[in-house]
Amino acid sequence: MDFVSALKDVAIKDLQELGERVEQSISEDKFIYDACAPLLSGGKRLRPVLFLLCSRSKGICPNEKTMPLATALELIHTASLVHDDILDNAKKRRGVETINSRYGAQISVLVGDYLFAKAFQLVAENDYGNEVAAVLSKLVKNLCTGEIMQDRSLFTVPTMSEYYERINLKTAIFLSSCCRLGGIVAGLNQKEIDGLAFYGGSLGLAFQIVDDLLDFFGDEKITGKILGGDLKSGVVTLPVIRALQVSEKSKILREIITRKKLTDSDISAAIEIVKNTDAMEYCKMRADGHIDSARINLPFLIKTSVALALEQIADFVVDRSW
Ligand code: FPP
Ligand code: MG
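Basis of the calculations
Residues numbered from 1 in each chain as written. Chains lettered and ligands numbered in written order. Predicted model: local features only at pLDDT ≥ 70, side-chain atom pairs only at ≥ 80, totals over all residues. Heavy atoms only, no water. Helix = DSSP H or I, 4+ residues; strand = E, 2+ residues; numbered from the N terminus. Rg over C-alpha atoms; globule rule 2.2 N^0.38 Å. Buried < 20%, exposed > 50% of the residue type's maximum accessible area, 1.4 Å probe, protein only. Contact = heavy atoms within 4.5 Å. Areas by Shrake-Rupley, 256 points an atom, 1.4 Å probe, with all protein chains shown as cover. Near = heavy atom within 4 Å. Polar contact = N/O pair within 3.5 Å; in protein donor to acceptor, adjacent residues only side chain to side chain. Nonpolar A, V, L, I, M, F, W, Y, C, P; charged D, E, K, R; others polar. Axes fitted to C-alpha atoms, helices over the stretch in contact; angles between N-to-C directions. Parallel < 35°, antiparallel > 145°, perpendicular 65-115°, else oblique. Left-handed = near helix turned anticlockwise from the far one by under 90°. Donors = N, O, S within 2.8 Å, 3.2 Å for Na, K, Ca; no water. Phe/Tyr/Trp six-rings, centres within 6.5 Å; stacked < 30°, edge-to-face > 60°. Lys NZ or Arg CZ within 6 Å of the ring centre and 35° of its normal. Expected span 1.5 Å × (residues − 1). Core = buried A, V, L, I, M, F, W, Y, C linked by side-chain atoms within 4.5 Å.

Asks: Explanation requested: the overall build of the chain in the structure shown.
Replies: Helix and strand counts for the chain stand at 17 helices and two strands. Computed over C-alpha atoms, the radius of gyration of the chain comes to 19 Å, within 12% of the 20 Å expected from 2.2 N^0.38 for 322 residues, which places it in the range of a compact globule. The C-alpha extent of the chain, read off along each of the three principal axes, is 55 × 45 × 30 Å. Buried residues in the chain amount to 54% of all 322 residues. In the chain, once contacts between residues fewer than 6 apart in sequence are set aside, the share between residues at least 24 apart is 75%. Just so you have it, the chain exposes about 14,500 Å², and 54% of that area is on carbon and sulfur atoms.

Put into structure tokens, the structure is as follows:
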């Protein structure tokens, strides 16, 4: 299913306004605009869309109240990707050359910081209050902890619980926070806010598992990223963890992925070994399990159109090819 049609009319008009606001947010500085516009015009906008949908849980929530924070969420996410592409030495993102590849690491650090600062300017100028600021700071802190954890264990095989801890910190908490913020802005009660946050967290686990799967089984033209990127940068993910459990070539696989410098033929060999196992079915099964618990935990008393859109997003997350 196509992501935009999954949103039906619940957030479709907002997506256009969001696009304009995101573009506007980088237009003060010509260098920033030229560097970031191609990157910011792509992407799924999953985080702000989750926030916007959840902010409508009980009905209309004025755009003046939601749009600055929705824009800030997209900017924080993009800032983290700009920094992530330095860490991963990635060449392509959202179908375009990464800022790191085009301008180098020094400029990329500053561009990421600029986007990050712009996000917090939008939040500060729109009186969202301490609760929102606390959710945002915790989510960024967790993003950083997740990335540090990942960086410190490159070219090693994590246990299942280490893998889950990492994807929770770097992805699930972000999606969960977007839903939580939507609930806070909409003035929901604590139980409903926690229900939305649980939905977002489970969705986030499934999202990252599918992301990790696409690194092996995706189509570069559709994902906009280069296949085998995780392996090359030493990030060992669920498809590999599974293949190591079941493949008759697990010894060779382990030996390849723990080499500090992988050649293109090492990467092809590792991908081939993973593809010859049930890693894809296994990862899909796990992602489906998280999606089921996301759905089950949606609070009862939210608007039907919002609940339907959130369910359709859940379907998109497991079936997506980008
Ligand atoms: C993509 O993951 C990256 C992240 C989920 C988070 C990156 C976070 C940081 C670098 C911390 C810095 C944060 C800020 C706000 C400046 P991935 O590498 O698994 O996915 P990919 O395949 O899309 O690169
Ligand atoms: Mg990356």
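Asks: Honestly, the site of ligand 1 in this entry has me stumped. Any pointers?
Replies: If you check the shell around ligand 1, you find 16 residues, and the closest are D84, D88, R93, K170 and K225. One nitrogen or oxygen atom from the side chain of Q208 is found 3.2 Å from an oxygen atom belonging to ligand 1. A distance of 2.8 Å separates an oxygen atom of ligand 1 from a polar atom in the side chain of K225. When the free accessible area of ligand 1 is taken as 640 Å², the share hidden by the protein chains comes to 90%. When residues of the shell around ligand 1 are traced back to their parent elements, those giving at least two are α5 (63-87), α8 (130-152) and α10 (190-217). For the shell around ligand 1, the element with the most residues is α5, which contributes six residues. Taken together, the residues that form the shell around ligand 1 break down as six nonpolar, three polar and seven charged.

Asks: How do you make sense of the packing of α5 against α8 when you look at a structure like this?
Replies: Two quantities define a packed helix pair, namely the angle between the helix axes and the distance between the axes. Where α5 meets α8, the closest approach of the two axes is 12 Å, and the angle between their N-to-C directions is 15 degrees. In terms of orientation, α5 and α8 fall into the roughly parallel class. As for how α5 packs across α8, the hand of that crossing is right-handed. Along the contact surface, α5 presents L69, L73, I76, S80, D84 and L87, while α8 presents V132, L136, V140, L143 and E147.

Asks: Would you mind showing me how to read the coordination of the magnesium ion (ligand 2) here?
Replies: Octahedral metal centres with six donors ideally show angles of 90 or 180 degrees, and tetrahedral centres with four donors ideally show 109.5 degrees. Around the magnesium ion (ligand 2), the protein contributes the donor atoms D84 (OD) and D88 (OD), at 1.9 to 2.1 Å from the metal centre. Overall, the relative accessible area of 22% leaves D88 in the partly exposed class.

Asks: Explain the packing of aromatic side chains here, please?
Replies: Given two aromatic rings, one states the distance between the centres and the angle between the planes to describe the pair. Summed over the entire model, instances satisfying the criterion amount to three aromatic pairs. When the centroid spacing of 5.3 Å and the interplanar angle of 75 degrees are considered together, the rings of F116 and F120 count as edge-to-face. Pair noted here: F116 and F120 are both in helix α7 (residues 105-124), with a separation of four residues, about one helical turn. Plain terms: the ring middles of Y163 and Y164 are 5.8 Å apart, the flat faces sit at 85 degrees to each other, and that makes the pair edge-to-face. Like Y164, Y163 is buried. Lying over the aromatic face of F174, R47 brings its terminal NZ or CZ to 5.1 Å of the ring centre. Above the face of the F207 ring, R47 is positioned so that its terminal group lies 5.9 Å from the ring centre.

Asks: Explain unusual backbone geometry to me, please; I cannot follow it from the model alone.
Replies: Peptide bonds are mostly trans, and most non-glycine residues show a negative phi. Even without glycine at this site, N89 takes up a positive phi of about 50 degrees. Of note in this structure, D127 is not a glycine but carries a positive phi near 50 degrees. Within the secondary structure layout, D127 lies in the loop between α7 and α8. The exposure class assigned to D127 is exposed, which follows from its relative accessible area of 72%.

Asks: Please clarify how α5 should be interpreted in this entry.
Replies: Along an α-helix, residues three or four positions apart point the same way, because every turn accommodates 3.6 residues. The end-to-end C-alpha distance of α5 is 35 Å, a good match for the 36 Å that 25 residues give at a rise of 1.5 Å each. Of all 25 residues making up α5, 19 are buried, and the element is well covered by its neighbours. Among the residues trailing α5, N89 stands out with phi positive, at a value near 50 degrees.

Asks: Hey, could you run me through the environment of T145 in this one?
Replies: Its place among the elements puts T145 in helix α8. A relative accessible area of 38% places T145 in the partly exposed class. Note: C-alpha distance between T145 and L46 (99 residues apart in sequence) is 22 Å.

Asks: In this structure, what is going on with the nonpolar core? I would like to understand it.
Replies: Note on soluble globular proteins: their nonpolar side chains tend to be buried together. Counting 98 residues, the largest nonpolar core has L50, L69 and L310 as its most contacted members. Among the elements that take part in this core, α10 stands out by supplying twelve residues, more than any other. Ignoring sequence-local partners within four residues, the contact set of L310 consists of L50, L53, C54, L196, Y199, L298 and I302.

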